[in-house]
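# Structural overview for review
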Amino acid sequence: MMSFRNSSLLVCIVTMGVPLGWAQERLPGTDVDGKWRGKLYCLAAWAQRANPELPKDVAEAFLNSTELAPRPLQGLGKVSWAIDSENKEAQRWFNQGLACLHLLWNEEAERAFRQVHTLDPECAMGFWGLAMANFDRPGRGAYFSRMAKGKVKPKTPVSVRAWVDPVARFFEESTVPMARRLQVFARELEGLAMKSNEIESKALLFRQLVLNDYRGGLEVTSPWAVDRLAAEVLAINPDHPSRHTRRFLWMKHRPANLESAGLLKEETVGVEAPAPAWRYLGEAQQAAGDWEASALSLARAVETGLTTRANWFANPLRGPAFEDDCGALIEALSKLGRTREALAMASAMIAQSLPGSVVSDKTSATFWSSTCGRGVQAYAQVCHAHQLWAEAAALENLVQPVISNLPAGALIRKELAEWTTGAHANLSLEARAHRELAIGNAEAAIKVLKELSDAERAAFLPRALWIIAHRDTGHVKPALFGFDQSFRAQGGAADTPLRGHATLRSVAALRRVGTKWEHPATPIANKLSDAMKKISADMRAAFPVAPTFSLPDGKGTEISLKSFRGKPTVLIFFLGAGCIQCVEQLHSFLPEAPAYEKAGIPIVAVSTDPVSVLKYSLRGEKLGNQPIPFTILSDEDLSIFRRYFIYNEFERRPLHGTIVISPEGKVVWSHVDNQPFMEPRWLLKEVQRLTGP
């Protein structure tokens, strides 16, 4: 990812000393009154047994979910809906969670609703929100809906009960077919909307009808009637986030209405909008056939995600579906014939770090779902769509350093071969059509291209293939009609080899526009060029700056992180000598210590043990008389753990974490979990890949 020559690597292991008794005496889920909050305990053993998808209690429901409290978000739109809580802060966070629900941003919605629960544990609507944010995780959703129902008391407002009951029934009737459950749920929301003057009841009904259409297979039979709900909401509150959902309705049923409804304008998104809003605008612009504007909107979604990543320690936000946004942008660039930018973007994705969970995955699924794996697929798609055979041949060498150290490496290489040779079942329609053209089967190419929508065939690549295929079969009229002003305008920024295809030149001659038939690049195309230059650079550099620290060792000598500047640094946060799992983590690092040292990697451990006991906490006899080759520092007050967010802000307890810091002092890899990271050999290779030349 980055080039740092002649630099050694520091691994700084930050530890927290915790007597094992904390974990033994008090298991999570039993702290009903919150009296044990702030106590230190290791959840590793318990986390291995618990099932957060089928939780038995609140602790299991929140296991492996968000650990960080929400921060105020801008650009979501405005919602306000009174709930069963007198806590004004709880009301504020509920409104933010509700806005995130309308943006289909479930992770951020859960953070906000969990904060409602933290501030007011008896608030039924807080659990209602958690259930709504977990429609795709039925076990968790069912638990939260039961909790919401259990919080309804005789004094609870009737309006709250009216909203809690339909969600509870949806999850309770798990044996009923999903389509039927969604239909009944929407009907119950319709009844609530009819009885209430609250605009949010209409907004939630509109949201559910659109989602039922998109995800539940319950097609809207009267899009105009459904759209009236959104129009009524927006007439009262023009900044309501349902305007984003409105795009989905018309994208599917009548894309021509997107423009007349004002849903293709950038100003409907706003400069502070989160990535999902830009993504939805880009998809709407695609549905309307405006591919250059779409690519620019998708670029802004990716830029927003990169800004979020770079600002992590100032605002620890997790942008949703960053990999999806990157993939959608590359696909749009490829359809526009902008292959250099598409491949540069895909290469930058491949250079990204792998999640720590990829080491234990024997199925290769984790790799292919990562930013890196998605980049591999996108790179191959571009190569085959444009028949860039030299670039396709280089893909294996590009990926080999990434997968060489993975347990599922052999399986990944087999799947990679399918991508590089074009044998993969998920090859794009454009790639399949181009392959048919290459072997002289133009009729088959036309048949494949007909599977694309009219809006998709408005993009340069499928349009070029369409023109060539029809001209080669003697269908001159469709070829001439396809060679229109929009196609020529897109050609001005395209660099695909197809632009110089002999058949396109012959059609240009028939249109009497000369051999240089492309129009100059449009202003939007030039803006996109500038955006892609920035994105390609930021993909490799836009990382959060690691918080500095100065901590004492066992002798009281202060050691600063700044002293390691210029060297890659790995911080491993763990729960100290009193934690069995943490000692096991140290044991896993010991055999690799010589390799780290050979690579120039000093290892520094920092514990929450006070300095007075620090020198005794990890003595040699505790590790089989083998001296620990780590400098040990103390962070007794957990200030560094909080600054690095290796800390559950809801439960007020530390977590296990491993973090890689670049020589420039930026965090380029992290693994934060209830269980410690136990793969130091793989980590060494990954750090060398990420920070090597």
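Above: the structure in question.
None of the values given here were measured: they were computed from a predicted structure. All residue numbers refer to positions counted from 1 along the written sequence of the respective chain. Thresholds applied to this predicted model are a pLDDT of at least 70 for local features of residues and 80 or more for the giving and counting of side-chain atom pairs; totals over whole chains, interfaces and linings are not thresholded and use all residues. Hydrogens and water molecules were not included; the side-chain quantities draw on all heavy atoms of the structure.

Turning next to the overall build of the chain. Helical segments are the DSSP runs of H or I of at least four residues, strand segments are the runs of E of at least two, and each set is numbered from the N terminus. Within the chain, the secondary structure is distributed over 33 helices and ten strands. Against the globule reference of 26 Å for 693 residues, the chain gives a C-alpha radius of gyration of 28 Å, in line with a compact fold. By its C-alpha atoms, the chain is 90 × 70 × 40 Å across when sized along the principal axes. Taken as a whole, the chain presents about 28900 Å² of accessible surface, with 52% of it coming from carbon and sulfur. Radius of gyration means the value over C-alpha atoms here, while the globule rule gives 2.2 Å times the residue count to the 0.38 power. Where accessible areas are quoted, they stem from the Shrake-Rupley method and a 1.4 Å probe; at the residue level, only the protein chains shown are allowed to cover.

With respect to the element layout, Leu 98 can be found in helix α4 (residues 88–102). Owing to a relative accessible area of 0%, Leu 98 belongs among the buried residues under this scheme. Sequence separation between Leu 98 and Pro 680 is 582 residues; the distance between their C-alpha atoms is 42 Å. Using a 1.4 Å probe on the protein chains alone, a residue whose accessible area is under 20% of its type maximum counts as buried, one over 50% counts as exposed, and one in between counts as partly exposed.

This part takes up the nonpolar core. By size, the foremost hydrophobic cluster in this structure holds 110 residues, and its most contacted members are Leu 329, Met 345, Phe 367, Ile 535, Met 539, Trp 682 and Leu 683. When near neighbours in sequence (up to four residues on either side) are disregarded, Phe 367 contacts Leu 354, Val 358, Asp 361, Cys 372, Gly 373, Val 376, Val 399, Val 402, Ile 403, Leu 406 and Ile 412. Among buried residues, the Ala, Val, Leu, Ile, Met, Phe, Trp, Tyr and Cys ones that are joined through side-chain atoms within 4.5 Å form a nonpolar core. Counting 69 residues, the second-largest nonpolar core is a separate cluster that includes Phe 170, Ala 275, Ala 284 and Leu 317. The criterion used for residue contact is that any of the two residues' heavy atoms lie within 4.5 Å.

Here the focus is the environment of Arg 681. Among the secondary structure elements, Arg 681 is positioned in helix α33 (residues 680–691). Taking the relative accessible area as the measure of exposure, Arg 681 reaches 55% and is therefore exposed. Setting aside its immediate chain neighbours within four residues, Arg 681 contacts Asn 405 and Glu 592.

Another point: the packing of aromatic side chains. Pairing of aromatic side chains requires ring centres within 6.5 Å, counting the rings of Phe and Tyr and the six-membered ring of Trp. Pairs whose planes differ by under 30 degrees are stacked, by over 60 edge-to-face, and all others tilted. In this structure the tally under the stated criterion is 31 aromatic pairs. On the numbers, 4.6 Å between centres and 5 degrees between planes, the contact of Phe 460 with Phe 487 is stacked. Note that Phe 460 is positioned in helix α24 (residues 460–472) and Phe 487 in helix α26 (residues 485–491), a separation of 27 residues in sequence. On the basis of an interplanar angle of 70 degrees and a centroid distance of 5.4 Å, the ring pair of Trp 669 and Phe 677 is categorised as edge-to-face. No difference in accessibility class separates Trp 669 from Phe 677, as the two residues are buried. Members of the aromatic cluster, each reached through a chain of ring pairs, are Trp 312, Phe 313, Phe 573, Phe 641, Tyr 644 and Phe 645.

This part is about helix α19 (residues 371–386). Multiplying 1.5 Å by the helix residue count minus one yields the expected span of that helix. Its 16 residues place the ends of α19 23 Å apart at the C-alpha level, agreeing with the 22 Å of an ideal helix rising 1.5 Å per residue. For α19, a buried count of 15 out of 16 residues is recorded, marking the element as mostly surrounded by other parts of the structure. Among the residues trailing α19, Gln 387 stands out with phi positive, at a value near 55 degrees.

For a regular strand, side chains alternate in direction, first toward one face of the sheet and then toward the other. The buried fraction of strand β6 (residues 630–634) is high, at four of five residues. Where strand β5 (residues 603–607) lies against β6, five bridges are found, and the strand directions are parallel. Directly across from Ile 603, in β6, lies its bridge partner Phe 630. Strand pairing is defined by DSSP finding a minimum of two bridges between the two strands.

Turning next to the environment of Ala 593. Looking at the secondary structure, you find Ala 593 in helix α30 (residues 593–598). When the C-alpha positions of Ala 593 and Ala 385 are compared, they lie 47 Å apart, and in sequence the two are 208 residues distant.

Our next topic: the pattern of salt bridges. When a carboxyl oxygen of Asp or Glu lies within 4 Å of a side-chain nitrogen of Lys or Arg, that pair is called a salt bridge. In the structure shown here, the tally under the stated rule is 34 salt bridges. Between Glu 651 and Arg 653 there is a salt bridge, with its nearest N and O atoms 2.5 Å apart. For the pair formed by Glu 651 and Arg 653, the shared burial category is buried. With its nearest N and O atoms 2.8 Å apart, the salt bridge here joins Glu 686 to Arg 689. Pair noted here: Glu 686 and Arg 689 are both in helix α33, with a separation of three residues, about one helical turn.

Here we come to helix α21 (residues 409–421). Over its 13 residues, α21 extends 18 Å from the first C-alpha to the last, a length consistent with the 18 Å expected when each residue adds 1.5 Å. Taken residue by residue, α21 has Gly 409, Ile 412, Glu 415, Leu 416, Trp 419 and Thr 420 as its buried positions. Each buried residue of α21 sits inside an arc of 145 degrees when the element is viewed along its axis, so together they form one side. For α21, exposure combined with an orientation more than 90 degrees from the buried face picks out Ala 410, Lys 414 and Thr 421. If you follow the buried residues of α21, they end up packed against α18 (365–369), α19 and α20 (389–403). Residue Gly 422 follows α21 closely and has a positive phi angle near 80 degrees. Arc, as used here, means the arc of the directions from the helix axis to the C-beta atoms.

Below, the discussion takes up the packing of α19 against α21. Here α19 crosses α21 at 25 degrees, and the two axes come no closer than 8 Å. Of the possible angle classes, the one that applies to α19 and α21 is roughly parallel. Of the residues in α21, those touching α19 at Val 376, Gln 377, Ala 380, Gln 381 and His 384 are Leu 416, Trp 419, Thr 420 and Thr 421. Of the residues that constitute the contact of α19 with α21, the class distribution is four nonpolar, five polar and no charged. Geometry is summarised by axes, namely lines fitted to C-alpha atoms with helices restricted to the contacting stretch, and by angles between N-to-C directions that run from 0 to 180 degrees. By the definition adopted for this analysis, an angle is roughly parallel if under 35 degrees, roughly antiparallel if over 145, roughly perpendicular if from 65 to 115, and oblique otherwise. When residue character is reported, Ala, Val, Leu, Ile, Met, Phe, Trp, Tyr, Cys and Pro are called nonpolar, Asp, Glu, Lys and Arg charged, and the others, Gly included, polar.

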